Amino acid sequence: MIRLILFIVIIALASWGVVWVADNPGTVSLNWGGWRIDTSASVLAMVAVFFAAIVAVVYRIWLFITRAPQMVSGAIKQRRSRKGYVALTQGMVAVAAGDAAEAARQVKRADGLLGDPPLTLLLKAQAAQLNGDELAAENFFKAMLKNEETEFLGLRGLLSQAMKADDKETALELAHRAQAIKPKSEWLADVLFELESSTGHWELASQSLKQLEKINNKMDATSADEQARRRAVVFYGRSLEAENIGDMRARTKWMEKSFNAYPGLVPAAIRLAVIYADENRPRKTAAVVEKAWALSPNPQLLEPYYRAGTAVDGIKKVKAMEKLIRTNPDHPESFMALAGAALEAKFWGQARTNLDAAMEKGAATRQLYLMQAQLEEEEKQDSQNAKRWLHLAASAPQDPAWVCDDCGHVDSQWQPYCPSCATLDSASWRSSQGVGQGVGQGVGQDADRGDTPLVISHNG
Ligand SMILES: [Zn+2]
């Protein structure tokens, strides 16, 4: 629009000029070096325009001539670098495909074409790794540290090498350096959390966890639950860390935080109950155990509970159990707990009722059969029947313990990290004979109770 107006204005001015010159036909005389030129003003104007056009064309030609060599060499360079990047890409594809020979060939080509830019270092390192030459790869990664643009990639390469070699201290140092460059990297925060927690640096790990949660703030309900549990595991670790340096107040505080962050983490409840019992705080002990029992009954909660209630004999234990199991009356562990106390109190009827109820609920552990045998022996002196129960006990699944879901490592104490395979929060309370056999289906429902307990069935 503006151009159109400008064009109209120029045309108008030009035609006005032409008319003006025609209306004022003056003459121009030029004296110069013995020459004399007489002409009209309109001719002079036309000559001036003609010269201006010539000068413009000459200037263009001159520009082209002076720039030509640069343009030609630029085009050649461009072609070379394009070829170089094609070689680089093909090299990366070869690395991804695991073709070591092709990767080496392309890295050589890219190197020649691109003139050794920092980017080829990564390909060189990867090609070396593909050839199994970790030392050469390490040198390439280290060379990448010298360039600001490739420093992070170099650190990442060295970090993965250190992790593979299980050199956690070096890996930690490298990860911290890398995080200084890219503080928002979720991958790094994840690696740092794992390294710090698995080396027992729980205080640092909780900082990394916070960082991780900050980066990954768009979470759904499941990951919110997972995060709460992971936080609880970290607090558990901090309690252990405090205990190691003899800070007993911090030990209690962190275990309380752990239990409150995720009450479903039974190991925290067990440990907190033991701590409270040790500190002679019976009310707090009982409150923790009762809350945990309602969520997930575990026999390891019983010892601190008895201590808190000074339940030193069978009769007192029965009383304590009758109170505790009210929080979760239909759970097999509740029947087992009451049966155990009743056996100790020699309340045979109560023991039998609860053992049978536990069996009906599907409990089929060694301990259950041993208790049945004890009952036959002590109540009726029926060693024949007792033997049958003992026989069943021998082929029953192991009593539950803390079993690592990843590697099967069995422990009587829960630990935040599996000491065998170093997986976080991997142990669950179950029988070590296969997954989910802690309280499985066994002799159960149809067995003729007490009479012929020789029906041996195997767990799923
Ligand atoms: Zn394990």
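In this report, the structure presented in the accompanying data block is examined. Every value quoted in this text rests on a predicted model; they were computed, and no experiment measured them. (Residues numbered from 1 in each chain as written. Predicted model: local features only at pLDDT ≥ 70, side-chain atom pairs only at ≥ 80, totals over all residues.)

**Describing the overall build of the protein**
Part 1 of the argument: Looking only at helices and strands, one finds 19 helices and 5 strands in the protein.
Part 2 of the argument: Relative to its length of 460 residues, the protein is extended, with a C-alpha radius of gyration of 43 Å against a globular reference of 23 Å.
Part 3 of the argument: Along the first, second and third principal axes, the C-alpha atoms of the protein reach 155 × 55 × 50 Å.
Part 4 of the argument: In the protein, which comprises 460 residues, the proportion classed as buried is 34%.
Part 5 of the argument: Expressed as a percentage of contacts within the protein between residues at least 6 apart in sequence, the contacts between residues at least 24 apart total 46%. (Helix = DSSP H or I, 4+ residues; strand = E, 2+ residues; numbered from the N terminus. Rg over C-alpha atoms; globule rule 2.2 N^0.38 Å. Buried ≥ 20, exposed ≤ 12 C-beta atoms within 10 Å, placed from the backbone. Contact = placed C-beta atoms within 7 Å.)

**Description of unusual backbone geometry**
Part 1 of the argument: At Asp166, a position not held by glycine, the phi torsion is positive, near 60°.
Part 2 of the argument: With respect to the helices and strands, Asp166 occurs in the loop between helix 6 (151–164) and helix 7 (168–181).
Part 3 of the argument: Positive phi, normally seen in glycine, also occurs at Gln381, with a value near 50°.
Part 4 of the argument: Within the element layout of this structure, Gln381 appears in the loop between helix 18 (366–380) and helix 19 (383–395).
Part 5 of the argument: The exposure class assigned to Gln381 is exposed, which follows from the 9 C-beta atoms found within 10 Å.

**A few points about the pairing of strand 3 (residues 401–404)**
Part 1 of the argument: Judged from the 4 bridges that link them, strand 3 and strand 5 (residues 427–430) form a sheet pairing that is antiparallel. Bridge pairing in strand 5 places Trp402 opposite Trp429.
Part 2 of the argument: Taking the residues between adjacent antiparallel strands as the criterion, strand 3 and strand 4 (residues 410–411) are bridged by 5 residues, where Gly408 takes a positive phi near 85°. (Pairing = 2+ DSSP bridges.)

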